[in-house]
Amino acid sequence: MEIILSKEELLNGIKVVEKITAQKGTQPVLSNILIETVSNDRVKFCATDLNLSISHKVKAQVAKEGKITLSAKRLGEITTKLDNKPITLSLNPDNNIVTISCGKAKFELIGISANEFPKVFDEEVSEENQKSFEINKNTLIKGVKQVVFSAALHESASVLSGVCFNIDSNTLEIVATDGNRLTRASKEINSKDDSAIFIVPSRTLQELIRISSIIEDEKVTIKLEKAKIQFNFEDVVFQSKLINGTYPKYQQLIPTNNDKIVYIDREELIGVIERVCVMVNERTNIIKFSFNQNSLELSTDSPDAGSGKDFIDVDSNFDEIIIAFNYKYVLDSLKNMDTKKVKIEIATSLSATLFKPSDKDETKDDSYVCLIMPVQVR
């Protein structure tokens, strides 16, 4: 193998795939990137940790075909330090050493045979065994960002550690919950009237957000096959295992008769919470919301540090109620809303409370809702 790439193309290829390599494991090849020629002007970079897999095609001048795996960490460090000139990678197949040349700089990097790299992409999947959906990339990423923070943080195969995708009638509903809060967003897609429900690991979606910020494609095709999902861009294929299990019936968890309604300026509420939380008890993270005749008092106290309170004007249809929340849950919700005012729907001080973009706001997004369970305070 002998290829010539610009520094920009080589760095871009490494940057897109390197986070998918296995940092620790029994197979050293999984910490490497597979570099493989695919045509006379394209080279493919691949990485996998056996749960996630990715391939990225970049422009290159291919003088000699071939493939090899190289340490993602070493290759990235070397490339970053090179001058902004064409870079040549030349493989000696007898000893798997790749010579990296750029100007007067020269490095020899010992690789591992590409034959040891696991085959992670199934090239021949019949369409009858696969479902395919197309969606605008920015629309998908916005929906994912709006909900993924609500997935359970613990590392396990629990369905709550993933995000539920529910596709029906050209609508994609994305939902996440950790048992204390639940978020839901709905987006339009081209599903060819197919339907599907599947659970994507939250780590997969965090990586999808990262990858999407690097590549410029406007569309992404989602392909489902057996227990895997693929996100296909023009030059990038990102694949993940799905979580096996049945997701909670989230529609039944979202109340529809919360009769106490409050409208609050979103940015002002964020500012007040961030001021008051300085004095929060770090063990509980609880802030009290005391509503009283179109005014809201936010207060907190810590046995070891002291207390704090602040006020904000609101528009409400009731006299008073005191309700307490983990302030981090509320901030996560508010910061992921695209609205000027937020609508809060309350039933009682201990029942599920809904935070939504305000239906008095022209920039509203009716599909988005965040359910947060209050905390009982004594």
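Residues numbered from 1 in each chain as written. Predicted model: local features only at pLDDT ≥ 70, side-chain atom pairs only at ≥ 80, totals over all residues. Heavy atoms only, no water.

Here we look at the overall build of the chain
Next, step 1: Each helix and strand counted, the chain has six helices and 26 strands in total.
Next, step 2: In terms of its C-alpha atoms, the chain occupies a principal-axis envelope of roughly 80 × 50 × 40 Å.
Next, step 3: Within the chain, the proportion of its 378 residues that are buried is 52%.
Next, step 4: For the chain, long-range pairs separated by at least 24 residues make up 66% of all intrachain contacts whose partners lie at least 6 apart in sequence.
Next, step 5: Total accessible area computed for the chain in this model is approximately 19200 Å², and 43% of it derives from carbon and sulfur atoms.
Next, step 6: Positive and negative charge centroids in the chain, built from 48 and 55 side chains respectively, lie 4 Å apart. (Helix = DSSP H or I, 4+ residues; strand = E, 2+ residues; numbered from the N terminus. Buried < 20%, exposed > 50% of the residue type's maximum accessible area, 1.4 Å probe, protein only. Contact = heavy atoms within 4.5 Å. Areas by Shrake-Rupley, 256 points an atom, 1.4 Å probe, with all protein chains shown as cover. Lys, Arg positive; Asp, Glu negative; His and termini not counted. Charge placed at Lys NZ, Arg CZ, Asp CG, Glu CD.)

Here we look at the sheet that holds strand β8 (residues 97-102)
Next, step 1: Pairing is antiparallel in the open sheet, where five strands are placed in the order β5-β1-β7-β8-β9. Pairing within the sheet leaves two strands with one partner each, and these edge strands are β5 (61-64) and β9 (105-110). Along the sheet, successive strands turn relative to each other by an average axial angle of 20 degrees, direction set aside.
Next, step 2: Here four bridges tie strand β1 (residues 2-5) to strand β7 (residues 87-92), and the two strands are oriented antiparallel to one another. In the strand pairing of β7, I4 is matched with T88.
Next, step 3: Docked against the sheet, helix α2 (residues 72-81) engages β7, β8 and β9, running at close to 175 degrees with respect to β9. (Pairing = 2+ DSSP bridges. Axes fitted to C-alpha atoms, helices over the stretch in contact; angles between N-to-C directions.)

Observations regarding the pattern of salt bridges
Next, step 1: Under the criterion given, the structure shown has 16 salt bridges.
Next, step 2: Here K142 ties to D338 by a salt bridge, and the two come within 3.5 Å at their closest N and O atoms. One end of the pair, K142, is in helix α3 (residues 137-147); the other, D338, is in the loop between α6 (327-335) and β24 (341-346), with 196 residues separating them in the sequence.
Next, step 3: Assessed through its relative accessible area of 44%, D338 is described here as partly exposed.
Next, step 4: As a salt-bridge pair, K260 and D259 come within 4.0 Å of each other at their nearest N and O atoms.
Next, step 5: What makes K260 partly exposed here is its relative accessible area of 21%.
Next, step 6: Overlapping salt bridges bring together D178, R181 and D332 as one network. (Salt bridge = Lys/Arg side-chain N within 4 Å of Asp/Glu carboxyl O.)

Re the packing of aromatic side chains
Next, step 1: Taken as a whole and judged by the stated rule, the model has five aromatic pairs.
Next, step 2: When the ring of F165 is compared with that of F198, the centres are 5.3 Å apart and the planes differ by 20 degrees; the resulting orientation is stacked. With F165 in strand β11 (residues 162-168) and F198 in strand β14 (residues 196-201), the pair connects residues that are 33 residues apart, well separated along the chain. The same class applies to F165 as to F198, namely buried.
Next, step 3: Here F289 and F325 contribute two aromatic rings whose centre-to-centre distance is 5.3 Å and whose plane-to-plane angle is 85 degrees, an arrangement assigned as edge-to-face. One end of the pair, F289, is in strand β19 (residues 286-292); the other, F325, is in strand β23 (residues 320-326), and 36 residues separate them in sequence. (Phe/Tyr/Trp six-rings, centres within 6.5 Å; stacked < 30°, edge-to-face > 60°.)

Observations regarding the nonpolar core
Next, step 1: Counting 111 residues, the largest nonpolar core has L140 and F289 as its most contacted members.
Next, step 2: Setting aside residues up to four positions removed in sequence, L140 forms contacts with I135, F165, L172, I174, L208, V220, I222 and F231. (Core = buried A, V, L, I, M, F, W, Y, C linked by side-chain atoms within 4.5 Å.)

Brief notes about the sheet that holds β14
Next, step 1: Taking strand neighbours across the sheet as the criterion, the nine strands line up as β14-β11-β12-β13-β26-β25-β24-β18-β22 in an open arrangement whose pairing is antiparallel. With partners counted over all chains shown, the strands left at the sheet margins are β14 and β22 (315-316), one partner each.
Next, step 2: As defined by bridge partners, strand β13 (residues 181-188) adjoins strand β26 (residues 369-372) across four bridges and the pair is classed as antiparallel. Bridge pairing in β26 places R184 opposite V369.
Next, step 3: Along the sheet face, helix α4 (residues 202-214) touches β11 and β14 and points at about 80 degrees away from the line of β14.

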